[in-house]
Amino acid sequence: MASETLIRVPDIGDFESVEVVEIMVGPGDEVEVEDPLISIESDKATMEIPSPVAGRVLEIRVSLGESVSEGSALVVMASDEVEISKAGDEEPPASSPDPVEPDPTEVKPDSIDVKPDPAEVNREPAATESGAPSQGAPVPAAGQGVHASPGVRRYARQLGVTLGETGASGLLGRVLESDVVEHVHRTMSSGEAGVGRGVPPVPPVDFSRFGPVREEPLAKIRRVSARNLSRSWLNAPHVTQHDEADITTLEDFRRSCKEEASRRGLKLSPLHFVLKAVAQVLAEFPDFRSSLAPSGESLIVKDYFHLGVAVDTENGLVVPVIRDVDRKSVFDLAGELAELAERARARRLGPGDMQGACFSISSLGGIGGTAFTPIVNVPEVAILGLSKLQVLPRWSGGTDSGAEAEFRARAVLPLSLSYDHRVIDGAAAARFTSRLGRVLARPGYLLL
Ligand code: CAO
């Protein structure tokens, strides 16, 4: 029967308080003897702590960045190799910063692979740096359980490369320095250079140390949109311009259309009028319907008015596209959006339904909130967020009719325009939302 084995930091010479820089395994991983478990790093060297036993990882007792010394508890394993507990009698040194319960058999690896800091030595060709040959099958999981020497790990970390994303051309799937270099070259020349570079990874945390947890798979839509949102966020320097539109007149008009809409089997929401108004304002502000050319030296201005609309589904966010918004009536737009939203929620949208937008709108108005900062759907350069309209007092100022200035109850629609600051300046964004506000305040503009 498998017994629990606690693996501790072995004798690491004169080093005190070294930092955990990589955790190569996670709970549930199967490891072989000598598979690397944890990498620790001092000022001078990186050390990989291998597993002295074969078995299954039950628990990680350290976290990234934590300081450890000889005797610190690292990993609890379930192992059949009870005999390995030749070290089971060993007591943790008095200096152990992490006293453990007595039950798991305690093991300290006999020896560890200590590599000098590659920054301090003349780097040899990668193949000579691969260190001890790999033992057992690698445990493939997002950079964890990947076989590589400490020098290669350190080199990859310096370049911000995740080892699991590189090739592994060494013996038994070991990652070599040349694999890291090749990965960097590929990324630089793929047009994705910049994405994720220099962004420190979020260290994995074993939440089960703090209470019960469960892991649920993410729906595919959510995984895809997570990647797209990160890409947009990392590529486009975002700024959000907040503004408001007085849509009191528009709301009166919308209510007056209710019967006609329901005769057509439709419901009109403020969003349908905003779509129409945005198309009109986009005609006056071509930069807002452009994309930055891949060279970064020109703008590709689109002379079509296809608008993406973010739709919330139980599986995540999708952005179907309504084509030629400028040529459609508000009723047409209401019908088309209802149909697209229904298909999105039934997961019946095709890829073509989600392509070709020159600008997007994300409306949380039916839910609530006063403002938010939507993420631009890159390579578009701007996105308009709508929040819930509120009836608020607004100062009328002087009026043409000479009526006395006063506070009046107005239906106010919050606008949040996020834009890519590489393409759009703050002044242009403020002009865009002001113009949109004026069009929405006097919907007669939509007829012009
Ligand atoms: N203020 C107040 N009420 C609003 C409103 C606003 N800005 N916008 C819509 N409403 C009202 C509608 O009129 C409707 O009222 P009734 O039930 O009385 O008719 C109700 O809110 C629900 O509207 P809706 O949200 O279903 O319809 P819509 O056409 O306005 O929006 C859609 C359609 C698909 C955009 C929306 O359902 C949706 O999925 N929104 C979420 C988008 C999202 O998640 N964005 C966040 C992305 S992060 O950037």
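Here the structure is a predicted model, which means the values were calculated and not measured.

What counts as what
Residues numbered from 1 in each chain as written. Predicted model: local features only at pLDDT ≥ 70, side-chain atom pairs only at ≥ 80, totals over all residues. Heavy atoms only, no water. 1 Å grid on protein atoms, 1.4 Å probe; cavity = no way out; pocket = protein on both sides within 12 Å on 5 of 7 lines; lining within 4 Å. Points joined across faces, edges and corners; volume = space filled by probe spheres on them. Helix = DSSP H or I, 4+ residues; strand = E, 2+ residues; numbered from the N terminus. Nonpolar A, V, L, I, M, F, W, Y, C, P; charged D, E, K, R; others polar. Buried < 20%, exposed > 50% of the residue type's maximum accessible area, 1.4 Å probe, protein only. Pairing = 2+ DSSP bridges. Patch = residues over 30% accessible without salt bridge, like charges linked within 9 Å, V, L, I, M, F, W, Y side chains within 5 Å. Areas by Shrake-Rupley, 256 points an atom, 1.4 Å probe, with all protein chains shown as cover. Salt bridge = Lys/Arg side-chain N within 4 Å of Asp/Glu carboxyl O. Core = buried A, V, L, I, M, F, W, Y, C linked by side-chain atoms within 4.5 Å. Contact = heavy atoms within 4.5 Å. Axes fitted to C-alpha atoms, helices over the stretch in contact; angles between N-to-C directions. Left-handed = near helix turned anticlockwise from the far one by under 90°. Expected span 1.5 Å × (residues − 1). Phe/Tyr/Trp six-rings, centres within 6.5 Å; stacked < 30°, edge-to-face > 60°. Lys NZ or Arg CZ within 6 Å of the ring centre and 35° of its normal.

K.L.:
Quick one: what's the story with the layout of surface pockets, residue by residue and with numbers?
P.N.:
Estimated volume of the second largest pocket: approximately 1,400 Å³. Every residue lining the second largest pocket is counted, 47 residues in all, and those nearest its centre are Asn228, Arg231, Asn377, Val378 and Pro379. Only helix 3 (220-235), strand 12 (290-292), strand 16 (316-318) and strand 18 (359-363) provide two or more residues apiece to the lining of the second largest pocket. Considering each element in turn, the lining of the second largest pocket owes the most residues, 9 residues, to helix 3. Of the residues assigned to the lining of the second largest pocket, the class counts are 26 nonpolar, 12 polar and 9 charged.

K.L.:
So what about the pairing of strand 2 (residues 18-23)? Which residues, and what values?
P.N.:
With 5 of 6 residues buried, strand 2 lies mostly within the body of the structure. Examined bridge by bridge, strand 2 and strand 7 (residues 67-68) share 2 bridges and lie antiparallel to one another. Bridge assignment links Glu19 to a residue of strand 7, and that residue is Ser67.

K.L.:
Let's hear about a nonpolar patch on the surface: which residues, and what values?
P.N.:
A surface patch of nonpolar side chains, amounting to about 440 Å² of accessible area, comprises Val205, Phe207, Phe210 and Val213. With respect to the secondary-structure elements, Phe210 resides in the loop between helix 2 (177-189) and helix 3.

K.L.:
Just give me the short version of the nonpolar core, but keep the residues and values in it.
P.N.:
Counting 54 residues, the largest nonpolar core has Phe359, Ile361 and Leu384 as the members making the most contacts within it. Listing elements by their share of this core, those giving two or more residues are helix 6 (270-284), strand 14 (307-309), helix 7 (330-345), strand 18, strand 19 (382-386), strand 21 (407-420) and helix 8 (426-441). Broken down by element, the residue count for this core peaks at 9 residues, all from helix 6. Ignoring any residue separated from it by four or fewer positions in sequence, one finds Phe359 in contact with Val278, Leu282, Phe288, His306, Leu307, Gly308, Glu380, Ala382, Ile383, Leu384, Leu417 and Phe432. If you look at the next biggest cluster of nonpolar residues, it comprises 21 residues, including Val18, Ile60, Leu74 and Met77.

K.L.:
Give me the packing of helix 6 against helix 7: which residues, what numbers.
P.N.:
Put simply, helix 6 and helix 7 touch, their axes get as near as 9 Å, and they point 115 degrees apart. Once helix 6 is placed against helix 7, the crossing between them reads as right-handed. Contacts between helix 6 and helix 7 involve Leu271, His272, Phe273, Leu275 and Lys276 from the first element and Val330, Leu333, Ala334 and Leu337 from the second. Within the contact of helix 6 with helix 7, the residues separate by chemical class into 7 nonpolar, 1 polar and 1 charged.

K.L.:
I'd like a rundown of helix 7, residues and numbers included.
P.N.:
With 16 residues, helix 7 ought to run about 22 Å at 1.5 Å a step, and its terminal C-alpha atoms sit 22 Å apart, in line with that. Of all the positions in helix 7, only Val330, Phe331, Leu333, Ala334, Leu337, Leu340, Ala341, Arg343 and Ala344 are classed as buried. As for helix 7, its buried residues are in contact with helix 5 (258-263), helix 6, strand 14, strand 15 (311-313), strand 16 and strand 17 (321-322).

K.L.:
Describe the packing of aromatic side chains, with residues and values.
P.N.:
The final tally for this structure, using the stated rule, is 6 aromatic pairs. For the ring pair Phe285 and Phe432, a centre distance of 5.4 Å and an interplane angle of 70 degrees mean the geometry is edge-to-face. Within this pair, whereas Phe285 is found in the loop between helix 6 and strand 12, its partner Phe432 is found in helix 8, the two being separated by 147 residues in sequence. By relative accessible area, Phe432 is classed as buried at 0%. These aromatic residues form a ring-pair network of at least three members: Phe285, Phe288, Phe359 and Phe432. Positioned over the ring face of Tyr445 is Arg435, at 5.0 Å from the centre of the ring.

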